[in-house]
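The residues making up each chain are set out below.
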Amino acid sequence: MKVHIKSAISFLLLATGLIACGSDSKNNDTPSTITPSVTALTFGSDGGTETFTVNAGGEWDAICAESWVKVSKTGTLSTNGSVSVTVDANTARKERTAAITLLSGTSRASVTVTQAAKAAQPVDPTIDVPDGYELVWNDEFNGTELSRTDWTHEVQGPGWVNNELQTYVNGSFDGLPVTEVKGGSLFINCFKHAGNIYSGRIYAHVSEGWCYGIFEARIKLPKGKGTWPAFWMMPVNNDFAANPWPRCGEIDIMEEVGYNPNYTSSSIHCESYNHVMGTQKTAERLTQGAQDDFHVYRLEWTEDYIRTYVDGTLLLSFSNDGKGNVSTWPFTRAFYPILNLAWGGDWGGAQGVDESALPAVMEVDYVRVFQKK
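Residues numbered from 1 in each chain as written. Predicted model: local features only at pLDDT ≥ 70, side-chain atom pairs only at ≥ 80, totals over all residues. Heavy atoms only, no water.

S.K.: Would you mind going over the overall build of the chain with me for this structure?
M.R.: From N to C terminus, the chain includes two helices and 27 strands. The globule rule puts the C-alpha radius of gyration for 373 residues at 21 Å, and the 31 Å found for the chain is more than 25% above it. Overall, the C-alpha framework of the chain stretches about 120 × 45 × 45 Å when taken along its three principal axes. Here the chain holds 373 residues, and 46% of them are scored as buried. Of the contacts made within the chain by residues no fewer than 6 positions apart, 66% connect residues no fewer than 24 positions apart. Approximately 18,400 Å² of the chain is accessible, and the part contributed by carbon and sulfur atoms is 51%. (Helix = DSSP H or I, 4+ residues; strand = E, 2+ residues; numbered from the N terminus. Rg over C-alpha atoms; globule rule 2.2 N^0.38 Å. Buried < 20%, exposed > 50% of the residue type's maximum accessible area, 1.4 Å probe, protein only. Contact = heavy atoms within 4.5 Å. Areas by Shrake-Rupley, 256 points an atom, 1.4 Å probe, with all protein chains shown as cover.)

S.K.: Can you walk me through the sheet that holds strand E19 (residues 227-235) in this structure?
M.R.: A sheet is described by the order of its strands in space; here seven strands give the open sequence E10-E17-E26-E19-E20-E21-E22, paired in antiparallel fashion. With one partner strand each, in any of the chains shown, strand E10 (151-153) and strand E22 (281-286) form the two edges of the open sheet. Across this sheet, the average inter-strand angle for adjacent strands is 15°, counted without regard to direction. Pairing geometry for strand E17 (residues 201-204) and strand E26 (residues 335-343), over three bridges, is antiparallel. Each residue of the ladder has a partner; that of Tyr203, found in E26, is Ile338. (Pairing = 2+ DSSP bridges. Axes fitted to C-alpha atoms, helices over the stretch in contact; angles between N-to-C directions.)

S.K.: Looking at this structure, how should I read the pattern of salt bridges?
M.R.: Oppositely charged side chains are able to pair whenever their charged atoms sit close together. Scanning all chains against the criterion turns up 10 salt bridges. Among the ionic pairs, Arg368 bridges to Glu140, the shortest N-O distance being 2.9 Å. Here Glu140 lies in the loop between strand E9 (133-139) and E10 and Arg368 lies in strand E27 (residues 360-372), a separation of 228 residues in the sequence. For Glu140, a relative accessible area of 18% puts it in the buried group. As a salt-bridge pair, Arg247 and Glu271 come within 2.9 Å of each other at their nearest N and O atoms. (Salt bridge = Lys/Arg side-chain N within 4 Å of Asp/Glu carboxyl O.)

S.K.: When you look at the packing of aromatic side chains in this model, what are you seeing that I'm missing?
M.R.: Here the distance between the centres and the angle between the planes together describe a pair of aromatic rings. Under the defined criterion, the tally for this structure stands at 15 aromatic pairs. When the ring of Tyr212 is compared with that of Trp301, the centres are 5.4 Å apart and the planes differ by 70°; the resulting orientation is edge-to-face. Of the two residues, Tyr212 sits in the loop between E17 and strand E18 (213-220) while Trp301 sits in strand E23 (residues 295-301), which places them 89 residues apart along the sequence. Among the residues examined, Tyr212 registers a relative accessible area of 22% and is labelled partly exposed. In this structure an aromatic cluster arises from ring pairing among Trp137, Phe141, Trp151, Trp210, Tyr212, Phe215, Tyr273, Trp301, Phe318, Trp329, Phe331 and Phe335. (Phe/Tyr/Trp six-rings, centres within 6.5 Å; stacked < 30°, edge-to-face > 60°.)

Given below as structure tokens:
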């Protein structure tokens, strides 16, 4: 009889415990709530900052996966707080959207962020815009100094690439400019000073660049054996450790070496086609008077092909093989334009250099970028 009483008591205690556990489980499954004061935010192409409030049933958080949207939160440990949203400028011609996800317990809410596309620039009636394209950026060099917003100087010592002899500096050295804007032109100067050679290498919109489009510059080339001027492009934000040259891709719109005056060339470089292997895709032609007058050098780059022109006449044509192979077509991301005047090096100095040609000057009338509407 005592055994039966103990069993009954044990059963009652167990049943009571089960009821209590069932009650706790039900409470844990009850979702919290989270409600933002807005469901959508709209920004202009210049970006900016907006703030909204949050009401939640408990602790909460807010996240966004897009790097161009920055989220700052206050009051996440209480039931009321706010979210400050900062959006970067949109340099593309397309509207973009993102979602900010709000979390509290098992509840979710979303705030949509929409940003307008960058507006088309007013077009100077003297600028010839290709059919189906619009002007998205240009520098006519009509001011008195190079724009530090649009252009970035490379700073490197001799031998940095291609065994070249010059030192690239940030605008000037010892008061002597390697780049200067005057009379409606950009001048890239290469000179000898205190036993060293100095010159300029500049990048346009190095952190954004453009993917596909028409890239054009009107240039008068320098004279002298040892000069190596170039107008070319490299990929934006490339990690050269993970994606080294030439796998990353390179587009040379115009190059010339002073020992072969007025012969201008265009090339593309990638893993399968590059000058190290002797497989680069190159075209060269005499551009009569290239060192005495201006000529227009143009790249037309689409998903299907890369073509270069000199004064409107086709020079190089390279087609996408359509295989989706980065080794033969890495040209699927944004690249930025480069202007530089090198001295000597593997190609520019292949037949020696003549320092009596210094100072040498590369003069640029304009640089323009067009993209399809």
